[in-house]
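Residue-level structural notes
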Amino acid sequence: MIDTGKWSPPGKRNSGGNGGNRKREPNSMIGAILATFWEYTERTKVSGMWLLRRNRTYGVSRFIWSSVLLQLLLLSIYLTLLLWLKFYSYPILNTISNDLSITDVAFPGVTICSPKVVNSERVDRYVKTLKIPKEYDIAEVAAGFEFLNAFTDQSFEPPSHESFRATDAVLRLNNVTTWEAAMAVSPGCSDYVKRCFWGHTEFQCNQSHEYLSFIPTTAYLGPCCSFNYNPRNASFVPFSANIFGMDGGLTFVGAEGSERNLNTGLIVLVHHPMDYVTESAASVTITARSESFVEVSPTVQSSSVEVLELSERKRDCLISDDLRLRNYRQAACLLACQTEAIVQKCGCHPYLLPIVGNKFKECNLNDTFCYSANYDNFKSVRCDQCLPNCYDVTYSTLSYKTDLNQHQFSVSRYYSPELLNSDSFVLRVYLAKQVVPVIRKVTVMSWIGLLSDLGGIFNLCLGLSMISVVEFFYYCTYRFYINYQLQKAQLPRKAWQ
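From a predicted model like this one, the values you see are computed outputs, not experimental measurements. (Residues numbered from 1 in each chain as written. Predicted model: local features only at pLDDT ≥ 70, side-chain atom pairs only at ≥ 80, totals over all residues. Heavy atoms only, no water.)

**Focus: the state of the cysteines**
The cut-off we apply is this: Disulfides are defined as pairs of cysteine sulfur atoms found within 2.5 Å of each other. The numbering of helices and of strands both runs from the N terminus, where a helix is a DSSP run of H or I of at least 4 residues and a strand a run of E of at least 2. Whether a residue is buried, partly exposed or exposed follows from its accessible area with a 1.4 Å probe, protein chains only, as a fraction of its type maximum: under 20%, in between, or over 50%, in that order.
Scanning all chains against the criterion turns up eight disulfides. The partner cysteine of Cys348 in its disulfide is Cys363, sulfur to sulfur 1.9 Å. An S-S torsion of about 90° defines the bridge between Cys348 and Cys363 as right-handed. Placement of the pair is Cys348 in the loop between α11 (330-346) and α12 (368-373) and Cys363 in the loop between α11 and α12, with a sequence separation of 15 residues. Overall, Cys348 belongs to the buried group, its relative accessible area being 0%. Exposure remark for Cys363: the relative accessible area of 0% places this residue in the buried category.

**Digging into the sheet that holds strand β2 (residues 109-113)**
Basically, it comes down to this: Here a strand pair is declared whenever DSSP counts at least two bridges between the two strands. The axes used here are C-alpha line fits, helices contributing only the stretch in contact, and every angle between their N-to-C directions lies in the interval 0 to 180 degrees. Any two residues whose heavy atoms approach within 4.5 Å are treated as being in contact.
Overall, antiparallel pairing links the five strands, which are arranged β5-β6-β2-β8-β9 in an open sheet. Looking at strand neighbours, the two that pair on one side only are β5 (214-219) and β9 (282-286), the edges of this open sheet. Neighbour-to-neighbour, the strand axes of the sheet open up by a mean angle of 30°, direction not taken into account. As judged from the five bridges shared by strand β8 (residues 266-271) and β9, these two strands associate in the antiparallel manner. Residue pairing in the sheet places Ile267 in a bridge with Thr285 of β9. Against the sheet, helix α6 (residues 178-185) makes contact with β5 and β6 (222-227), and its axis sits at roughly 115° relative to β5, the strand it touches most.

**Some thoughts on the packing of helix α3 (residues 120-127) against α6**
Cut-off, in case you're wondering: Our angle categories are set so that under 35 degrees counts as roughly parallel, over 145 as roughly antiparallel, 65 to 115 as roughly perpendicular, and the remainder as oblique. When residues are grouped by polarity, Ala, Val, Leu, Ile, Met, Phe, Trp, Tyr, Cys and Pro land in nonpolar, Asp, Glu, Lys and Arg in charged, and all others, Gly among them, in polar.
α6 packs onto α3 with a crossing angle of 120° between their chain directions and a minimal axis gap of 8 Å. The angle between α3 and α6 places the two elements in the oblique class. Along its contact with α3, which presents Arg122, Val123 and Tyr126, the element α6 presents Ala181, Ala184 and Val185. Its residues assigned to classes, the contact of α3 with α6 comprises five nonpolar, no polar and one charged.

**Regarding the environment of His209**
Stated formally: We call two N or O atoms a polar contact when they sit within 3.5 Å, provided that within protein one can donate a hydrogen and the other can accept it, with sequence-adjacent residues counted only if both atoms are side-chain atoms.
Its place among the elements puts His209 in the loop between β4 (201-203) and β5. Within polar-contact distance, the side chain of His209 engages the backbone nitrogen of Tyr211 at 2.9 Å.

**Section: the UniProt feature "transmembrane region" (unreviewed entry) in the protein chain**
Basically, it comes down to this: UniProt positions are given in the numbering used here, feature names are shortened, and annotations may be inferred rather than shown by experiment.
Mapped onto the present numbering, the UniProt feature "transmembrane region" (unreviewed entry) falls at residues 63-85 and 447-475. As annotated, residues 447-475 has a helix share of 90% and a strand share of 0%, and its two end C-alpha atoms lie 27 Å apart.

**Describing helix α2 (residues 59-89)**
Heads up, the rule is: Given a helix with a known number of residues, its expected span is that number minus one, times 1.5 Å.
Between its first and last C-alpha atoms α2 spans 45 Å; for 31 residues at 1.5 Å apiece the expected length is 45 Å, and the two agree. The set of residues buried in α2 consists of Leu69, Ser76, Thr80, Leu83 and Phe87. As for α2, its buried residues are in contact with α15 (447-462).

**Brief notes about the confidence of the model for the protein chain**
Our working rule: pLDDT is a residue-level measure of predictor confidence that goes from 0 to 100.
Per-residue pLDDT for the protein chain has a mean of 82; in total, 88% of the residues score no lower than 70. Ranking the elements of the protein chain by mean pLDDT puts helix α1 (residues 10-43) last, at 64, and β2 first, at 93. Taken together, the stretch residues 1-25 has pLDDT below 50 and engages in seven contacts with residues farther than four places along the chain or on a different chain.

**Some details on the pattern of salt bridges**
Definition in use: A side-chain nitrogen of Lys or Arg and a carboxyl oxygen of Asp or Glu constitute a salt bridge if their distance falls within 4 Å.
Applying the stated rule across the entire model yields eleven salt bridges. In this structure, Glu39 and Arg479 form a salt bridge, with 2.9 Å as the shortest nitrogen-oxygen distance. Of this pair, Glu39 sits in helix α1 while Arg479 is found in helix α16 (residues 466-496), placing the two residues 440 residues apart along the sequence. Its salt-bridge partner being Arg165, residue Glu162 comes within 3.1 Å of it at the nearest N-O pair. The class for Arg165 is partly exposed, based on a relative accessible area of 48%.

**Details of the packing of aromatic side chains**
Short version of the rule: Any two rings among Phe, Tyr and Trp, with Trp reduced to its six-membered ring, count as a pair given centres within 6.5 Å; such a pair is stacked if its planes are under 30 degrees apart, edge-to-face if over 60, and tilted if neither.
Across all of its chains, the model carries 28 aromatic pairs by this definition. Judged by centre distance (5.5 Å) and plane angle (90°), the ring pair of Phe151 and Tyr351 falls under edge-to-face. Pair noted here: Phe151 is in the loop between α4 (138-144) and α5 (163-173) and Tyr351 is in the loop between α11 and α12, with a separation of 200 residues, a long-range link. Since its relative accessible area comes to 1%, Phe151 is described here as buried. Judged by relative accessible area, Tyr351 falls into the buried class, the value being 2%.

**Observations regarding the pairing of β5**
Two faces, one strand: in a regular strand the side chains alternate between the faces of the sheet. Looking at chain direction, β5 and β6 are connected through six bridges and run antiparallel. Residue pairing in the sheet places Phe214 in a bridge with Phe227 of β6.

**Observations concerning the nonpolar core**
For clarity, the cut-off: As used here, the term nonpolar core means buried Ala, Val, Leu, Ile, Met, Phe, Trp, Tyr and Cys residues forming a set that is joined through side-chain atoms within 4.5 Å.
Counting residues in hydrophobic clusters, the biggest one holds 45 residues, and the most contacted among them are Val123, Tyr126, Phe145, Leu148, Leu269, Val277 and Tyr351. Those elements giving two or more residues to this core turn out to be α3, α4, α5, α6, β8, α11 and α13 (375-379). Per-element accounting of this core gives the leading share, four residues, to α5. Not counting residues within four places of it along the chain, the set of residues in contact with Leu148 comprises Val118, Thr178, Ala182, Val185, Tyr351 and Leu365. Formed by 37 residues, the second largest nonpolar core is a distinct cluster that contains Leu100, Trp198, Phe203 and Phe425.

**Some thoughts on the packing of α2 against α15**
For clarity, the cut-off: Put simply, a crossing is left-handed when the front helix is turned counterclockwise from the back one by less than a right angle, and right-handed when it is turned clockwise.
For the pair α2 and α15, the least separation of the axes is 9 Å and the interaxial angle reads 160°. It follows from the interaxial angle that α2 and α15 lie roughly antiparallel. Crossing of α2 over α15 shows right-handed handedness. Within the contact between the two elements, α2 uses Leu69, Leu72, Leu73, Leu75, Ser76, Leu79, Thr80, Leu83, Trp84 and Phe87 and α15 uses Trp447, Leu450, Asp453, Leu454, Ile457, Phe458, Cys461 and Leu462.

**Quick look at the side chain of His271**
Of note, His271 is situated in strand β8. On the basis of relative accessible area, His271 is assigned to the buried category, the value being 5%. At 3.5 Å, the side chain of His271 and the backbone oxygen of Asp275 are in polar contact. The contacts of His271, once residues within four sequence positions are left out, are Pro108, Gly109, Val110, Thr111, Tyr229, Val277, Ala281 and Tyr395.

Dropping the structure here:
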């Protein structure tokens, strides 16, 4: 017979039953956690966990051992974070080797410039070839060429006269560009270079040759004369040298100047043959009656395949495929960035910078005021998007010279008092060694190396292996779920007791 006195009214029974379930529900969760933990300590092979088994340690001993395990766990997490930061933030290491031949490296470009851009005697001869209307005075037109110095002289002070207006008008009338006018009134290759030699073989300095030739160019100093550098030829490929040392390379006999006011010395710039010559190029000043030696030491920077697989910002360099270009050069990127800043400010393109399409008009003499006023700003333009090349060659120089007046002797067999006059000099540019140092970027560690180091850290601190990690997650997920279901299944039974 059923004892009805033990039953509650339906409403009260339901309410009390639900409330009891809500109170016992957390107990099932805690019970599942404890059951999983004790099961894990009984069966795991992780070092030290066996001391936390039930009935194994008690009181202070259990507390001390738990603290030791917790501290070792925190230490392993700390070392893991340090390792990850090293892998993520500093993934590249530079290594140095000497295993590249000079035949695999381009011979540097050699550019000769005069610090004096405008030569007055050349100006006087040039204005006589122009058609000058009667309303313009020939002396005023000649004086206007002085404003060309604004493009190269940081300390340029505009003259008080406004002769540049007449010069601009005459140049437009004769359909002459600023570049053509600057080349005409500045010293050129015929002034600098007289006899040229490659090794012991003489060649015509101004011949039409793909490699062995000096051609008119421009640099940050203005109109210049260059060897193994041709910025106006898009298909130009620089050549490599197979000889080195003082008797190899480029030698030429030149003149500091054929005109009276050119005697200010010349500047020789050694640079990458594909890059426009900027202030960063290695430079040597040469003077008349001297023999100068410029020893060039190339250095190659390259990157491993693993480095190229990193993102652009991580490897801190770019390749042509990143920008879908035929040939990416950081110098060209910086130059384009600087040109855009000049065009944005002055609305024109300076004659001495390489031509970038036909979308920008060439600066005339009237634009020199804007250019000179913002000269420092243009030179300090920041172009963060122009990362270095992942493969590049840089050229450092070591130079020295002898005074021909003092010693009356030269190591060159072409020297003789008859061949050298008071303005002459001898210049030798050659590679220092037969091999080239290579600075190669490699990754500090790969993903496999990272996993190996992580395994070493956890094995050192806790005696963990990969299977121990899998075992831990097995107990935290599947075994915890099973124990939780068992705890829930026991709740109705406990309710009847």
